[in-house]
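Summary of structural features
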Amino acid sequence: MEPYRPRRSVLYVPASNDKALAKIAQLSCDAIIIDLEDAVAPADKIAAREKLAGIFANRPARRCEMVVRVNALASEWGADDLLAVAKFEPDGILLSKVATPRDILEVGDVLDDNFAPDSVKLWAMIETPKALLNIGAIAELGRDPASRLACFVAGTNDLVKDTGVLATPDRRYLVPWLMQMVLAARAGGLDMLDGVSNDFRDLEAFARECAEGAAMGFDGKTLIHPAQIDAANRAFAPAPAALAEAQLVKDAFSLAENAGKGVISLNGKMVERLHLAQAEKLLAKAAAIGA
Ligand code: COA
Ligand code: MG
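Conventions we followed
- Residues numbered from 1 in each chain as written.
- Chains lettered and ligands numbered in written order.
- Predicted model: local features only at pLDDT ≥ 70, side-chain atom pairs only at ≥ 80, totals over all residues.
- Heavy atoms only, no water.
- Donors = N, O, S within 2.8 Å, 3.2 Å for Na, K, Ca; no water.
- Helix = DSSP H or I, 4+ residues; strand = E, 2+ residues; numbered from the N terminus.
- Buried < 20%, exposed > 50% of the residue type's maximum accessible area, 1.4 Å probe, protein only.
- Pairing = 2+ DSSP bridges.
- Axes fitted to C-alpha atoms, helices over the stretch in contact; angles between N-to-C directions.
- Core = buried A, V, L, I, M, F, W, Y, C linked by side-chain atoms within 4.5 Å.
- Contact = heavy atoms within 4.5 Å.
- Domains from an automatic or database assignment.
- Parallel < 35°, antiparallel > 145°, perpendicular 65-115°, else oblique.
- Left-handed = near helix turned anticlockwise from the far one by under 90°.
- Nonpolar A, V, L, I, M, F, W, Y, C, P; charged D, E, K, R; others polar.
- Near = heavy atom within 4 Å.
- Polar contact = N/O pair within 3.5 Å; in protein donor to acceptor, adjacent residues only side chain to side chain.

Around the magnesium ion (ligand 2), the protein contributes the donor atoms Glu127 (OE) and Asp158 (OD), at 2.0 to 2.1 Å from the metal centre. Remark: aspartate 158 occurs in helix H8 (residues 156–163) and glutamate 127 occurs in the loop between strand S5 (121–126) and helix H6 (129–133); sequence separation between them is 31 residues. With a relative accessible area of 1%, glutamate 127 lands in the buried category. Given a relative accessible area of 10%, aspartate 158 falls into the buried group.

Following this line, the structure appears as structure tokens:
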């Protein structure tokens, strides 16, 4: 299994915004998505793409995944974006408007043909009705390392636009689809990132949305503003109480008297070896992020 890579806080930075780009090195997010797609106006697309060299020359020294979101391959910029981005060997290339497994496979072929190293992964926006209808088949690609597929990103703004559901603070009409994404991602062994919160001034509402995302099983949240980073890092890290509980489970199973047992009783609750595996995973996650 791949070691745990924290993706609690994943910040979009428009490639056309110099002030925002200048901030990257000082931010404490786990990953950055340099955006060439929706945050960049058509007139700025080419100039934005030409900024990539400078951005990658100044990539943060600390551990921070660098991902670039490219325009759809079918758009007038997509193919050139892809070739330009591949040269910088980012940690990931985020594909917008993915609809079928073929959309991933085609990009994978282009990367292979251009000798992009295996470390360049593909991330996929799940943001169209068609992607949701095909999500099981798309996620299945995650089982084949040759596909490069590593992560799904919920594109809630586009989903609202394309389906006509009402966007409410509790996201009640989106939750069924969000849960479907989490399920598919787990089936494919992929990471799953929650969509953005547009209201970046209301940090209380944001913290609530992060907590809900963590409870739904997301690995982290995509962000639009630096002010959102801390809350996401907190919400998607293991909670202290959960860590204490995990340590108790681990300690209990390491007692000599429990060595051969599949199930034990701990403080009046049944604990099985599957809980031990879950506890070990949580402890490893905390160690990886230094929690
Ligand atoms: N990444 C890095 N820095 C950012 C940032 C981001 N996503 N968003 C804002 N900042 C910086 C600003 O440049 C500003 O810097 P300054 O102090 O040097 O002036 C500082 O943080 C404070 O920004 P603020 O004034 O609060 O916001 P703003 O009005 O400049 O920008 C948005 C608001 C929404 C336009 C901006 O946050 C943004 O473009 N976010 C990303 C949008 C995006 O990528 N969307 C596509 C995916 S959904
Ligand atoms: Mg979108």
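Pairing in this closed barrel of 8 strands is parallel, and the strands run S1-S2-S3-S4-S5-S6-S7-S8 around the ring. Strand-to-strand twist in this sheet, taken as the mean axis angle between neighbours without regard to direction, amounts to 25°. One ladder, built from 3 bridges, connects strand S1 (residues 9–14) with strand S8 (residues 220–223); its direction is parallel. Note that in S8 the partner of valine 10 across the bridge is threonine 222.

Our next topic: the environment of leucine 21. Considering the arrangement of structural elements, one finds leucine 21 in helix H1 (residues 18–23). In this structure leucine 21 comes out as buried when scored by relative accessible area, which is 13%. Each C-alpha atom, one on leucine 21 and one on alanine 205, is 26 Å from the other, the two residues being 184 residues apart in sequence.

Across soluble globular proteins, nonpolar side chains show a tendency to be buried alongside one another. The biggest cluster of nonpolar side chains holds 60 residues, and the ones touching the most others in it are Ile34, Ile93, Ile104, Leu111, Phe152 and Met181. In terms of residues, this core owes the most to one element, helix H9 (residues 175–188), which gives 5 residues. Setting aside its immediate chain neighbours within four residues, phenylalanine 152 contacts Ala124, Ile126, Ile135, Ile138, Ala139, Met181, Ala184, Ala185, Leu190, Asp191, Met192 and Leu193. Among the nonpolar cores identified, the runner-up in size contains 13 residues, and Ala31, Ile33, Trp123 and Leu193 belong to it.

Its domain assignment divides the protein chain into domain 1 (9–235) and domain 2 (240–289). For domain 1 and domain 2, the distance between their C-alpha centroids amounts to 34 Å.

On to the packing of helix H4 (residues 78–86) against helix H5 (residues 101–113), then. Between H4 and H5, whose axes approach to 10 Å, the crossing angle comes to 45°. Accordingly, the angle class assigned to the pair H4 and H5 is oblique. The two elements H4 and H5 cross, and the hand of that crossing is right-handed. For the pair H4 and H5, contact is made by Leu82, Leu83 and Ala86 and by Val107, Val110 and Leu111, respectively. Looking at side-chain class alone, the contact of H4 with H5 contains 6 nonpolar, no polar and no charged residues.

Another point: the site of ligand 1. In the neighbourhood of ligand 1, 15 residues make up the surrounding shell, with Tyr12, Lys19, Lys23, Ile224 and His225 lying closest. Contact distances for ligand 1 include 3.0 Å between an oxygen atom and a side-chain N or O atom of lysine 19. Looking at the shell around ligand 1, the elements with two or more residues in it are S1 and H1. Here the shell around ligand 1 gets 4 residues from one element, more than from any other, and that element is S1. Its residues assigned to classes, the shell around ligand 1 shows 9 nonpolar, 1 polar and 5 charged.

Let's shift gears to unusual backbone geometry. Negative phi is the rule for most residues except glycine; trans is the rule for most peptide bonds. Positive phi, normally seen in glycine, also occurs at phenylalanine 115, with a value near 60°. Its location among the elements puts phenylalanine 115 in the loop between H5 and S5. Among the residues examined, phenylalanine 115 registers a relative accessible area of 72% and is labelled exposed. Look at arginine 171: it is not a glycine, yet its phi comes out positive at around 55°. Owing to a relative accessible area of 6%, arginine 171 belongs among the buried residues under this scheme.

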